[in-house]
Amino acid sequence: MTLPAALIATPVDAERAAELRRVKWLATGVLAATLIIFVVSKALLPMHPVFGFIAAFAEAATIGGLADWYAVVALFKRPLGLPIPHTAIIQSNQERIAEKLGEFIENNFLESGPVEAKLREIDFGSFIADWLRDRKRSEDLARFVLRMLPEAFAATESSGLMQFISRRITTQVLSIDLAPLAAGALRGFVQEGKHGGLLDDILRVLHQTLTQKETMAVIRDKVRAEMPTLLRLYRADKFVVNRIIASATKFFEEVRNDPQHPFRGEFDRMLLSFVDRLGSDKAFADRIDGLKRDLMARPELANLGRTIWANVKDFIERSASGESQVLQHQLARMFVEAGDALDGDADLRGEINQGLVAILRTVVAEQKSGVSSFIADQMKSWDMEQLISLIEVNVGKDLQYIRFNGSLIGGLAGLALYTLEYVLRLL
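These figures come from a predicted structure and were not determined experimentally.

What counts and how
Residues numbered from 1 in each chain as written. Predicted model: local features only at pLDDT ≥ 70, side-chain atom pairs only at ≥ 80, totals over all residues. Heavy atoms only, no water. Helix = DSSP H or I, 4+ residues; strand = E, 2+ residues; numbered from the N terminus. Buried < 20%, exposed > 50% of the residue type's maximum accessible area, 1.4 Å probe, protein only. Contact = heavy atoms within 4.5 Å. Areas by Shrake-Rupley, 256 points an atom, 1.4 Å probe, with all protein chains shown as cover. UniProt positions renumbered as here; feature names shortened; annotations may be inferred. Patch = residues over 30% accessible without salt bridge, like charges linked within 9 Å, V, L, I, M, F, W, Y side chains within 5 Å. Salt bridge = Lys/Arg side-chain N within 4 Å of Asp/Glu carboxyl O. Lys, Arg positive; Asp, Glu negative; His and termini not counted. Polar contact = N/O pair within 3.5 Å; in protein donor to acceptor, adjacent residues only side chain to side chain. Core = buried A, V, L, I, M, F, W, Y, C linked by side-chain atoms within 4.5 Å.

Things to note about the overall build of the protein chain
At step 1: Helix and strand content of the protein chain: 19 helices and zero strands.
At step 2: A buried classification covers 26% of the 427 residues belonging to the protein chain.
At step 3: Across the protein chain, the fraction of contacts at a sequence separation of at least 24, relative to all contacts at a separation of at least 6, is 73%.
At step 4: Carbon and sulfur atoms make up 64% of the accessible area of the protein chain, which totals about 27800 Å².

Rendered as structure tokens:
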């Protein structure tokens, strides 16, 4: 496997390779120079003792330079291509190096402590707020969401998720005991005094209904049918109906104009009694439950749900295609407002940061062994010759200076030993 793009040679690497070649030639030149000086000094030794010191320095420098050349070359490849043991160290230990590198990263970079500390340095909440407050980004996000929504709707329909959601909603609605909820709502309605306005509205509607000509005619016919024949001749039915309407109207006006009217207290007691029965009487609960089940079983309700779903889907598809910009503008405005709200809410940003740190810390903890294995597997599959070339290009220059140091240190050591030997001979 070839190396990842991040490891492929760059123009900077090309410059480093040229510099490496220059340093290599210079180090080789120093080695050749010390060898030549050694040979010449040995030849001139009979002429003067000083050449012995020069020869000792050059000899040791040559040996030191050769030894360090061997060490540097053996790290990357086999010197002179010879199968010498313990050479080409990186190539020979590719798998072990890969395993150790993955293990090192897992143990030193992906431990929960350092990871959490680094994550806590990041203000995720402020980043999200700033990102959303940017109108351009919010518009891009709105377009992205709109492009995804039709596919999400199609996937929901094809996967059967819609039927599952519908069944779950139906099951949850049927499991709700509406009687206590209705009783609690009505009790709060009465306790807050809102039923007074309801009574006024009922009385107003009753008054309007009774004073309509059609209603009066119906009542008059009913009264006329119940009267003796003699009273009909005197048109007593009209008198009775007018008296009934007048009395009812007067009663309605009295109740509506008097907040302390006894009828209002009776109405309160009637409502509270009904609320008590609604919350405790099983017959009421069964009746409400039956109505609820009948309503949920009505085909009109299912048709209404399908119609709403189809209309929403059509609207979203038109918005995604660009036919309508209303939803996109609304989404973008919603994202911007969310960013503004988040920017002004430090507590919410803190909660977001805490939540993301907890999530990411857990993800890293659960996946760090996989990360180390991935790194090791990737390194095992790399072309090691190519990798070694890049390593040598990037660090080889410094390694070549080891050869200079080897020649210098070796030469000085050789000179010191020769001097000691020379002094001992004089003694």
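Some remarks on the UniProt feature "transmembrane region" (unreviewed entry) in the protein chain
At step 1: As recorded in UniProt, the feature "transmembrane region" (unreviewed entry) lies at residues 25–45 and 51–76.
At step 2: As a span, residues 25–45 carries 95% helix and 0% strand, and end to end its C-alpha atoms are 30 Å apart.

Focus: a nonpolar patch on the surface
At step 1: A grouping of L295, L301, L304, I308 and V312 is seen on the molecular surface, where their side chains present a nonpolar patch of about 420 Å² in accessible area.
At step 2: Among the elements that take part in the nonpolar patch, helix α16 (residues 299–320) stands out by supplying four residues, more than any other.
At step 3: What makes L304 partly exposed here is its relative accessible area of 47%.

Overview of the side chain of R403
At step 1: Within the fold, R403 resides in helix α19 (residues 384–426).
At step 2: With no salt bridge to any partner, buried R403 finds its closest opposite charge in D68, at an N-O distance of 7.9 Å.
At step 3: Side chain to side chain, R403 and T28 meet in a polar contact 3.3 Å long.
At step 4: Apart from residues lying up to four places away in sequence, R403 is in contact with K24, A27, T28, G65, D68 and W69.

Topic: the nonpolar core
Buried together is how nonpolar side chains tend to be arranged in soluble globular proteins.
At step 1: Among the nonpolar cores identified, the biggest contains nine residues, and these are L132, A142, L146, F153, I316, L327, L331, A332 and F335.
At step 2: The dominant element in this core, judged by the number of residues it contributes, is helix α17 (residues 326–343), at four residues.
At step 3: Once residues lying within four places of it in the same chain are set aside, the contact partners of F335 are L132, S138, L141, A142 and V145.

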